Amino acid sequence: MSEGSGSENANAAEAAAEAEAATEAALMAEAVAVAYQSDDEEQAEGDDTQEAEAEAGDNQEEDAAEQQDGGEQEAEEDADGDDAMSVENAENESDSGGNAEETAAADRRQATKKELTQIIDKWEQQQTQNGYDPVPTLRSLAEIFEREKDVYRRKDPDPLDSRHPYRADPSCQYGLLLKLLFRKDTFMGKLLNDYLRENYFSRQNVSRSSLELNILACRLILEIMPGMETSAVFQTAEGDGTINRIYSWAEDSIEPLQSYATGLLAEAMEVSDIAINFRDQNIRLVPKMIKRLHMLLAISKSATSDVNTSMHNLSADSSTTGMLSWVACASNASAPQSPQHNGSGMGASSSQHGDASNMSILFENSRDAFCVSRYYKRMYIPLHPATADTSQMLIMRFLTSLGEYQEFLAMAFENNVMQLIFGYLENLDRRDTCLAYEVLKYLASLLCHKKFALEFIAHGGLELLLKVPRPSLATTGVSIAIYYLAYCEDAMERICSMQRPLISELVRYALWILGRCHDSSKCHATMFFSLSFQFKVILDEFDAQDGLRKLYNVISVLKILDPSHNDSDNDSDINEDVECASRQMVRHVCVALKRYMEAHFFYKYNSFLCQTNAASPSPSSAHYFNQNPTVAAKLTFDQLHDQIRTLQEHTSIRAHWQPVDQLMKLGGITMLLRIIAFSYDWVNSGRSETVRAALDVLSVCCIIPRVYVVLCERLLMLDKTTTSGFCSVLGAAAGEITSDAEVIKSALAVLCHCVCSPIIRKDSGTSLIKFGTSSRKNKANHKYAEELIERVWESVCSNNGIVVLLSLMQTKGPITDADCIRGMACRALAGLARSDRVRQIVSKLPLFASGQLQTLMRDPILQEKRAEHVIFQKYALELLERVSGKTKPLNNPLDPSLSNMHKANVIAQTRIQYNKQQLYQLIFEHLESNGLSQTAQMLQREVGLPLQTPTTRSFHQSPFDYKSLPGGSSSVSRNRLRSRMQDVNAAIMGSGDLNKSFGEDFSPAGAGGSNAAEGVSIPNFGSLNTTQTPIKIRRTDRSSVSRSIQKQTLEPGGMLVGLPEDGQLHPKRITLNTIVTEYLTNQHSLCNNPVTTCPQFDLYEPHKCPDPKPSRLLSSNYNLTSRHARTQAGFNTSRFDRRYVHTHFSPWRSIRSADYEDLEFTCCDLVGKYIIVGTQQGDGRVFNMNDGVEQFFSNCHNFSVDAIKANRAGDLVITSSFWRTPTSILWSIADDEFKLKLRLPDVTYCEFSQTAQDRLLGTQNECATLFDINTGSKVASFTPTIPNLYTKNRATLCRTDELILSDGVLWDVRSGKEIHKFDKFNQCISGVFHPNCLEIIANTEVWDLRTFHLLQTVPVLDQRNCTFSPMHVIYGASLGADRDHDMETTTYDTSFNVLDAYDYSSIATIDVKRNINDLSVSANGSLIAVVEDYSGYESKQETYVKIYAVGVKKSERSEEEDDEEVPESDEDGSDTGSENTFAIGQNFMGFPLLRNLNGSDNDDDGDLDDDDDDGEPLDSDDDMDDDDGSGDDDGDFDDVFEYFERGSSDGNSRSLDSVRVRLVFSPSLD
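In this text, all values refer to a predicted model and were calculated from it rather than measured experimentally. (Residues numbered from 1 in each chain as written. Predicted model: local features only at pLDDT ≥ 70, side-chain atom pairs only at ≥ 80, totals over all residues. Heavy atoms only, no water.)

S.K.: What is the right way to read the overall build of the chain from this model?
M.R.: Looking only at helices and strands, one finds 56 helices and 37 strands in the chain. Sequence-distant contacts in the chain: of pairs separated by 6 or more residues, those separated by 24 or more amount to 68%. For the chain, the accessible area works out to roughly 70900 Å², and carbon and sulfur atoms hold 48% of it. (Helix = DSSP H or I, 4+ residues; strand = E, 2+ residues; numbered from the N terminus. Contact = heavy atoms within 4.5 Å. Areas by Shrake-Rupley, 256 points an atom, 1.4 Å probe, with all protein chains shown as cover.)

S.K.: Looking at this model, I keep getting lost on the sheet that holds strand 19 (residues 1292-1293). Mind explaining?
M.R.: Backbone hydrogen bonds hold the strands of a sheet together, and the pairing may be parallel or antiparallel. Reading across the sheet, the four strands line up as 19-20-21-22 and stay open at both edges, with antiparallel pairing between neighbours. A single partner strand is all that each edge strand has here, and the edge strands are strand 19 and strand 22 (1314-1317). The pairing of strand 19 with strand 20 (residues 1299-1302) spans two bridges and is antiparallel. If you follow Thr-1292 over to strand 20, its bridge partner there is Leu-1301. (Pairing = 2+ DSSP bridges.)

S.K.: What's the story with unusual backbone geometry in this structure? I'm lost.
M.R.: Trans peptide bonds make up most of the peptide bonds, and negative phi angles are found at most residues other than glycine. Here His-384 and Pro-385 are connected by a cis peptide whose omega angle stands at -5°. Position of Pro-385 among the secondary structure elements: in the loop between helix 17 (345-366) and helix 18 (388-402). Note the cis peptide between Arg-470 and Pro-471, where omega equals 5°. Relative to the helices and strands, Pro-471 is located in the loop between helix 23 (461-466) and helix 24 (474-487). A positive phi is found at Asn-416, a non-glycine position, where the angle reads about 60°. Within the element layout of this structure, Asn-416 appears in the loop between helix 19 (409-414) and helix 20 (417-425). Phi is positive for Asp-1297, which is not a glycine, with a value near 60°. Position of Asp-1297 relative to the elements: it lies in the loop between strand 19 and strand 20. Classification of Asp-1297 as buried rests on a relative accessible area of 16%. (Buried < 20%, exposed > 50% of the residue type's maximum accessible area, 1.4 Å probe, protein only.)

S.K.: How should the side chain of Thr-1259 be read in this particular structure?
M.R.: Mapped onto the elements of the fold, Thr-1259 is located in strand 16 (residues 1255-1260). Judged by its relative accessible area of 0%, Thr-1259 is buried. Among all residues touching Thr-1259, those that are not within four sequence positions of it are Asp-1242, Val-1243, Thr-1244, Tyr-1245, Asn-1289, Arg-1290 and Ala-1291.

S.K.: Explain the pattern of salt bridges to me, please; I cannot follow it from the model alone.
M.R.: Opposite charge on two side chains permits pairing when their charged atoms draw close. Scanning the model with the defined rule gives 51 salt bridges in all. Between Glu-505 and Arg-508 there is a salt bridge, with its nearest N and O atoms 3.0 Å apart. Within this pair, Glu-505 and its partner Arg-508 are both found in helix 26 (residues 500-516), separated by three residues, close to a single helical turn. The same class applies to Glu-505 as to Arg-508, namely buried. A network of salt bridges, in which partner residues are shared, links Lys-594, Arg-692, Asp-696, Glu-742, Lys-745 and Asp-817. (Salt bridge = Lys/Arg side-chain N within 4 Å of Asp/Glu carboxyl O.)

S.K.: Mind showing me how you'd approach the pairing of strand 8 (residues 1170-1175) here?
M.R.: Where a strand is regular, its side chains alternate between the two sheet faces. With five of its six residues buried, strand 8 lies for the most part within the structure. Across six bridges, the pairing between strand 7 (residues 1161-1167) and strand 8 is antiparallel. Bridge assignment links Val-1167 to a residue of strand 8, and that residue is Tyr-1170. The antiparallel pairing of strand 7 with strand 8 creates a hairpin that spans two residues between the two strands, and Gly-1168 there sits at a positive phi of about 60°. In textbook terms, the turn of a hairpin is the stretch between consecutive antiparallel strands, and for strand 8 and strand 9 (residues 1179-1184) this stretch comprises three residues, one of which, Gly-1178, has a positive phi near 90°.

S.K.: What is the right way to look at helix 22 (residues 450-458) in this model?
M.R.: Residues separated by three or four positions in an α-helix point in the same direction, a consequence of the helix having 3.6 residues per turn. Taken residue by residue, helix 22 has Phe-452, Ala-453, Leu-454, Phe-456 and Ile-457 as its buried positions. Tucked into the core, helix 22 has its buried residues touching helix 19, helix 20, helix 21 (434-446), helix 23, helix 24 and helix 25 (489-496). After helix 22 finishes, the residue Gly-460 shows a positive phi value of roughly 80°.

S.K.: I tried to follow the packing of aromatic side chains on my own but got confused; where do I start?
M.R.: Aromatic rings in a pair are described by how distant their centres are and how their planes are angled relative to each other. Following the criterion strictly, the structure yields 31 aromatic pairs and no others. With 5.8 Å between their ring centres and 70° between their planes, Tyr-1156 and Phe-1183 make a pair best called edge-to-face. Here Tyr-1156 is found in the loop between strand 6 (1145-1152) and strand 7, whereas its partner Phe-1183 is found in strand 9, with 27 residues between them in sequence. Overall, the relative accessible area of 0% leaves Phe-1183 in the buried class. In textbook terms, an aromatic cluster arises when at least three aromatic residues are bridged by ring pairs, as seen for Phe-528, Phe-529, Phe-533, Phe-542 and Tyr-596. Stacked on the ring of Phe-637, the Lys or Arg Lys-745 has its end atom at 5.6 Å from the ring centre. The ring centre of Phe-1193 lies 4.2 Å from the NZ or CZ of Arg-1181, which sits over that ring. (Phe/Tyr/Trp six-rings, centres within 6.5 Å; stacked < 30°, edge-to-face > 60°. Lys NZ or Arg CZ within 6 Å of the ring centre and 35° of its normal.)

S.K.: Looking at this structure, I do not really get the packing of helix 24 against helix 26. What am I missing?
M.R.: Remark: helix 24 packs on helix 26, axes separated minimally by 11 Å, with the N-to-C direction vectors making an angle of 120°. Our classification of the angle between helix 24 and helix 26 gives oblique. The handedness of the crossing between helix 24 and helix 26 is left-handed. Counting all contacts with helix 24, which are made through Thr-475, Val-478, Ser-479 and Ile-482, the residues of helix 26 involved are Leu-506, Tyr-509, Ala-510, Trp-512 and Ile-513. Partitioned by chemical class, the residues of the contact of helix 24 with helix 26 number seven nonpolar, two polar and no charged. (Axes fitted to C-alpha atoms, helices over the stretch in contact; angles between N-to-C directions. Parallel < 35°, antiparallel > 145°, perpendicular 65-115°, else oblique. Left-handed = near helix turned anticlockwise from the far one by under 90°. Nonpolar A, V, L, I, M, F, W, Y, C, P; charged D, E, K, R; others polar.)

S.K.: When you look at the sheet that holds strand 9 in this model, what are you seeing that I'm missing?
M.R.: Ordered in space as 7-8-9-10, the four strands form an open sheet in which the pairing is antiparallel. Looking along the sheet, the strands with just one partner apiece sit at the ends: strand 7 and strand 10 (1190-1195). With direction set aside, neighbouring strand axes in the sheet form an average angle of 20°. Pairing of strand 8 with strand 9, which is carried by five bridges, proceeds in the antiparallel orientation. Paired with Ile-1172 across the bridge in strand 9 is Val-1182.

S.K.: How do you make sense of the pairing of strand 17 (residues 1263-1268) when you look at a structure like this?
M.R.: Along strand 17, six of the six residues are buried, which leaves the element largely enclosed by surrounding structure. Burial along strand 17 is two-sided: Cys-1263, Thr-1265 and Phe-1267 and Ala-1264, Leu-1266 and Asp-1268, pointing in opposite directions, are all buried. Of the strand pairs in this sheet, strand 16 and strand 17 are connected by six bridges, and their pairing is antiparallel. Across the sheet, Gln-1260 pairs through a bridge with Cys-1263, a residue of strand 17. Inspection of the sheet shows strand 17 paired to strand 18 (residues 1274-1278) by four bridges, in the antiparallel sense.

S.K.: Quick question: what am I supposed to make of the nonpolar core here?
M.R.: Inside soluble globular proteins, nonpolar side chains tend to come together where they are buried. Of all hydrophobic cores here, the largest spans 277 residues; its most connected members are Phe-187, Leu-191, Phe-398, Leu-695, Leu-748, Leu-832 and Leu-853. With 16 residues, helix 30 (residues 576-612) is the largest single contributor of residues to this core. Apart from residues lying up to four places away in sequence, Leu-853 is in contact with Met-809, Leu-847, Phe-848, Phe-872, Ala-876 and Leu-880. If you look at the next biggest cluster of nonpolar residues, it comprises 20 residues, including Phe-1145, Val-1408, Leu-1415 and Val-1426. (Core = buried A, V, L, I, M, F, W, Y, C linked by side-chain atoms within 4.5 Å.)

S.K.: Whenever I open this one, helix 37 (residues 725-733) confuses me. Can you help?
M.R.: With eight of nine residues buried, helix 37 is to be regarded as a mostly interior element. Burial in helix 37 covers these residues: Gly-725, Phe-726, Ser-728, Val-729, Leu-730, Gly-731, Ala-732 and Ala-733. Just past helix 37, the residue Gly-735 takes up positive phi, approximately 80°.

S.K.: It is not clear to me how the environment of Ser-739 should be interpreted in this structure. Could you clarify?
M.R.: Within the secondary structure, Ser-739 sits in the loop between helix 37 and helix 38 (741-755). Between the alpha carbons of Ser-739 and Gly-813 there is a distance of 9.7 Å; along the sequence they are 74 residues apart.

S.K.: When you look at the state of the cysteines in this model, what are you seeing that I'm missing?
M.R.: Defined simply, a disulfide is a covalent bond joining two cysteines at their sulfur atoms. Applying the stated rule across the entire model yields zero disulfides. Note on Cys-752: no disulfide assigned, nearest cysteine sulfur contributed by Cys-756 at a separation of 5.1 Å. Note on Cys-752: relative accessible area 3%, which makes it buried. (Disulfide = S-S within 2.5 Å.)

S.K.: Explain the confidence of the model for the chain here, please?
M.R.: Detailed conclusions should not be drawn from predicted coordinates in areas where pLDDT is low. Mean pLDDT over the chain stands at 75; residues scoring 70 or higher make up 69%. Counting interchain partners and residues more than four positions distant, the pLDDT-below-50 stretch residues 568-572 has four contacts. Note on residues 620-626: pLDDT under 50 across the span, and six contacts to partners over four residues away in sequence or across chains. (pLDDT = per-residue confidence, 0-100.)

Spelled out as structure tokens, the structure:
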């Protein structure tokens, strides 16, 4: 009974449910019929005509879409014109009013702003009152924002632009109103919290429903949502239950609250944390939303078909009846049932009644939403009144926000979402695609899943996508969808297997998006191509439709890449957001170009392999290379660039390749270089990827040598300057753009492909060129290749490529890529070293000359990167061979320094000769000692050995057991040599197989017997497969050897020289001659200074080459007696006198800044008996050196005086200040005051000309300017084409005023032409002329002006300013004003170095124990002035100007005073207690105090090359004072006086009478 009653109840419930469903369907059908009935009555015969015209237009558009690309574009342009006609007419009408219309629009905007302000102010006044009703306020605000939002959207903004409307369009009123509203924090708090509560009025004791308030609040929030930060809004709402309340409204509520709540949930689900926290609610709600969409779609389509039927004179009753039956069917069968409908029959009934009433409301609002017109194009779907489209749009947004989550994918399949999407995309009207756009966004979120993407393709989804009309809003959605399709490789493989017309249409559609859509659509289309270029069919179709040009045009029109956009007229056109969007566009296009070129390269390389291996005997390889790939393989960085090198070797120097040719024709190479150059100033997250992609494109293009020409050409920068392409590439390699290791490696790859490009290339063609044309063509090609590669080398060197590569070879970070970067930099430098100029420069650098490279070769930075380190070692050896000129193989390069390579080359060229009679004597004695007397006697008779009595000579039984030498040193020498040779033999014997050796005969037994009997270690000449070093590198040996056996020599450092590879030569027998020769060669290799030509070796005595004669400078040349004796013998000892004198500096006068109020000294210059001092306060002060008293002063600058120089006459002074506004001023000194003569703005440093001193040379950054002192006019300006950009550039003139050196560039003054650009090896110091006018000193490098070769490097001058003395010495000091605080602190910051100007040898290092701000030398070199800066941690900063006497020893008292922090001074300004006190008269120590042009400042030595030869006799005219040689007491100063008197002699008799000296002699030097 119970079972029967249960079944009856179930049947009754089902019957009730069916009845309720029928009732609901009837209600919905009636509502839709009523909604559309008025439209049926209003439309009359005119509608039929309009429909016919629209159908005719659609047919024409479909016909045009089937034509070729050109015709299609024209048809689309016509269509665009039709669609925009009404908008253009409206604009023309609005413009006809002129200024009146603009004024009216401004008044309306002002009125709207005022209205908004008044509403908010009124709300602030009334909202605190009890029972206040906020509904009118919310309604007014919603209407205002809806009105302004409508205006904003009609401008067709980018629908995917998520920026604040005010940032997207600063002129729009909508964005301005949003900013005004969000400033009202109180109102926004109420809106987001209180007005969304269901009990808002009941909490205020008001008996009223809050439904209307909730609807208006949701409506207003949705309207202002574009200006809100979603995460901040909904994360605060998560805790107070607001989101749960919104869920309940979206699930079951009346319209329009249900739709608005769904829209709010869509915004909230964009925050991933909220979507995860409300996962359960989403699982329950998603199926309901999908079901609701099914129902809305079904009713909309039914209504549309019924309306069309009624328009053909059908009665409304029949329409209603048909719709009623269709909706009933749709409600019960078509739409999938939600799994959540498991309530009671009454609950389901009420829910269905609610749905029916909601839909009736939606369709009622849809009736008058938009008028139907052929020329009307709907730009958006409004939120009020809530229509069916509004509800569908908001539901789509909610589903889109959850579409990417995996847990909702099953629901999409269960609820037949694909059929739903297809239903929305079928038969779209180009005039209304707003809803289709939302559908396509939902589709794109689902295409993230591989399964859905494959199902979509299988069901014909691609064909449906390509039918979406363009132009339309839905086209933006198509761009997202095809991007996600390309992201799934399996889906793209399915697409590529379809018919070719469909693929062609897909590429055509994407290319159309590239040229005619919003920026976001262009980005998606670009990313689609970048992901699909790997498929050959897409790549071919892209080329067939001229896709490269269209892709290039995307960035070619961007203003950030156009140097003209920096003009003042165009500054307002580009704001920060536009620049950011443009940079993102550049990034996507660069990545697409990279994928495009790499895909083409893959197929080209595959074709090359097929040709190369066509005749391969291996069937497997032939099968592999004969197949035609359809998908490009993904190559690693190393694989790609190895293949590029291979293709470079097999590509003709004049070869063409269609992708590169087209890119060059479009200007793409130049554009990529401009992008790299402009990216210096870009600050965005994708900068590294942009630069790297551009560099990778250039790497592939380097296969074609014509690209090198573009890299060498000049580019126009944003600041109107020019730079070369290699300058940008080198900047990226140096890490100036970004420190990303991948960018550095990509830049190094471009450099490697360019500078290491093969000159002689293999012909990849199969045809053989005959007759004489081949030879002429090959010669022409070879010459062109040489000229091209020389141009590349010159361009790289001109842009400081050597110093960049050298720094990268020594890099230590990033640690994971340092070894790879080192290897690539070393390879590039090895390729660059093929240039004679580069090779000469590199050979003089400390990295090679001092053995620093060998230190780098020993161990990798990271032990896990030993493979990369081996590559670095390989190219380092290649570089060493090219630099040294030695091409012998180095199979065990333990220490391959240049010196060891030179020694190995000398030893290999030495001819080994020995006395054969001694060898016979050794054999004779060996036979006798083994009891073979008869054999020994027979040998004695045949070779004629003299008859000898038994001797006690101890013959050595090993190559290292020598006979005893007289004295006790024999055992020490023997042990030393034995230990050295044991190390040598250990390295030799461990380097290969002992059975492999060379000789005239091959006898393993004989070889072993020799070892056992003689005890001689025979070096191995085999391969180095078991070497202990990490390097296993094969080298090509010479084709012939100078002797019958290739000598193997091992240097003391452990370097093997002369070992041929396996198989290079045929094995030869080991003979006694070879054993003896190797024994003597090993002895010769132990010599510290081996020579090529040696006398006959003695088999009884150890061999030793003579040591070179020690330099006279290392002998007792500092001894006064020996120098005097040599002078009397007729030798010139002036150089040694100079070295002796400049080892002593005694403080003579000190000027303290503490003696003056608030004064700090910065610079100084000695002139006559005065010293001119510049101060931090901008003053120029003149002091008398005799008494240290200030003569006069004047304020010269508003800021510190950084440099001060006087002319020789002392009547003109130039001061420079480079703080804030750099200025140099020329002053004339007269009547004890500074008088302004010439002001030079923007000149950071200035100096007088050398000869007549009637000109000034000023420095302005990298530019040098010559001024005339008398007229103050500019004579000439010298701006380098390729500047070095030294941070502390100082232009200088040579001694004859014929040459100018500025920013490392040499200029001819007369012609104004650039002569030469010296390579840059430091960042600060630009260089100075040597007084001999033959050399230039730039930091540590010394350059020859005649050949522009690097003569040597002087490490002691690193970051030191050079000041030349007339006594032919150089003072080097790191000045405080020029010190680079970013660099590591140098050792000699408080000291200055004294160097010999002849050979740059160091004379002395003088520590002053304080920082040096400036250093100046007197006219005759007897005095130097040093500005010293003492700044203790706890003491006040104090500066001194201290004058030192050259060649005078310090007294003990003065040394003690130097150790004090603040030395005391007496009343006349001299050092207290100093007994070295000089009073300067007309001549000080015989020196003229005023410098003059015709004087003999440099007459002491005349020509340095002649006088400094200590072996040249003096002329008889030279007056030399006799000395008794006992100069231990008073010879020091007598020698100093005699030296300076000779040095300052100008033909006039000089006397020491004018010198008043009070001296305390210290013990003299030996």
